[in-house]
Each structure stands twice: as structure tokens, then as C-alpha cells.
Amino acid sequence: MSGEVRHFPRSARSDVRNPLLGLPSAQAFRNLPPAAREPLRALLRDLAAAATWRANESWRRHKPPMAAYWKAIAVYARHAARLLR
């Protein structure tokens, strides 16, 4: 097994791809009126972009713990933004 790379197919289940869908409050986001959803979605997308930039900058500066922190923020911000589509 040493040196062997195994590839597993990604799940097609939406709750696996976006774990926020499994939260009880996820439906409340979807029930918001479009006028309330769009500014919140824009904020989350901006947060994701800023966190991605900070993650890349942390990697460049050889700070892996901070890079992982900002990458996680970016991923969850994108997950939350997708709830508001």
C-alpha cells in the first residue's frame, strides 16, 4: 500500500457537498425574501474572496496554520452563499 494513491469519486449528495444544508436553520435562509437574500449573499461572497486572498498570502509567507484557517473561512462562506441562491 505504500506509495499507492487511491481516488474516490465525489458524492453527488448535496448535503455532503455542502454540509450547511443539514443544519436546521438552513431552510430559514431559503425562506428569506430576495431583497434580503441578495445583500447577504454578496457579503458572503466578498468574505469568501477576501479569505481566499488571505489564505494564499499566508501560504506565500509560509504560515500554514493561518492559511488553513482562512481557507476554511472561505469554504464555509461560499457554502453559506450558496444557501441563498
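Structural data are supplied above this passage.
Conventions adopted
Residues numbered from 1 in each chain as written. Predicted model: local features only at pLDDT ≥ 70, side-chain atom pairs only at ≥ 80, totals over all residues. Heavy atoms only, no water. Core = buried A, V, L, I, M, F, W, Y, C linked by side-chain atoms within 4.5 Å. Buried < 20%, exposed > 50% of the residue type's maximum accessible area, 1.4 Å probe, protein only. Helix = DSSP H or I, 4+ residues; strand = E, 2+ residues; numbered from the N terminus. Contact = heavy atoms within 4.5 Å.

Chemist: In this structure, what is going on with the nonpolar core? I would like to understand it.
Modeler: When a protein is soluble and globular, its nonpolar side chains tend to lie buried together. Within the largest apolar cluster, 7 residues are counted, these being Leu 20, Ala 26, Leu 44, Ala 80, Ala 81, Leu 83 and Leu 84. Looking at this core, the element that brings in the most residues is helix α4 (residues 64-83), giving 3 residues. Once you skip the residues sitting within four places of it in the chain, Ala 80 turns out to touch Leu 20 and Leu 44.

Chemist: I tried to follow the side chain of His 79 on my own but got confused; where do I start?
Modeler: Within the secondary structure, His 79 is located in helix α4. Residue His 79 is classed as buried on the basis of its relative accessible area, which comes to 10%. Discounting residues that sit within four places of it in the chain, His 79 has contacts with Arg 17, Asn 18, Pro 19 and Leu 20.

Chemist: Got a minute to help me understand unusual backbone geometry in this structure?
Modeler: A negative phi angle characterises most non-glycine residues, just as the trans form characterises most peptide bonds. Residues other than glycine seldom take positive phi values, yet His 62 does so here, at roughly 60 degrees. Relative to the helices and strands, His 62 resides in the loop between α3 (34-60) and α4.

Chemist: Help me understand the environment of Phe 29 in this model?
Modeler: In this fold, Phe 29 is placed in helix α2 (residues 26-30). Given a relative accessible area of 29%, Phe 29 falls into the partly exposed group. Taking C-alpha positions, Phe 29 is 9.5 Å from Arg 85, a pair spaced 56 residues apart along the chain. Contacts of Phe 29, omitting those with residues within four sequence positions, involve Arg 37, Leu 40, Leu 83 and Leu 84.

Shape descriptors only; they carry no functional weight alone.
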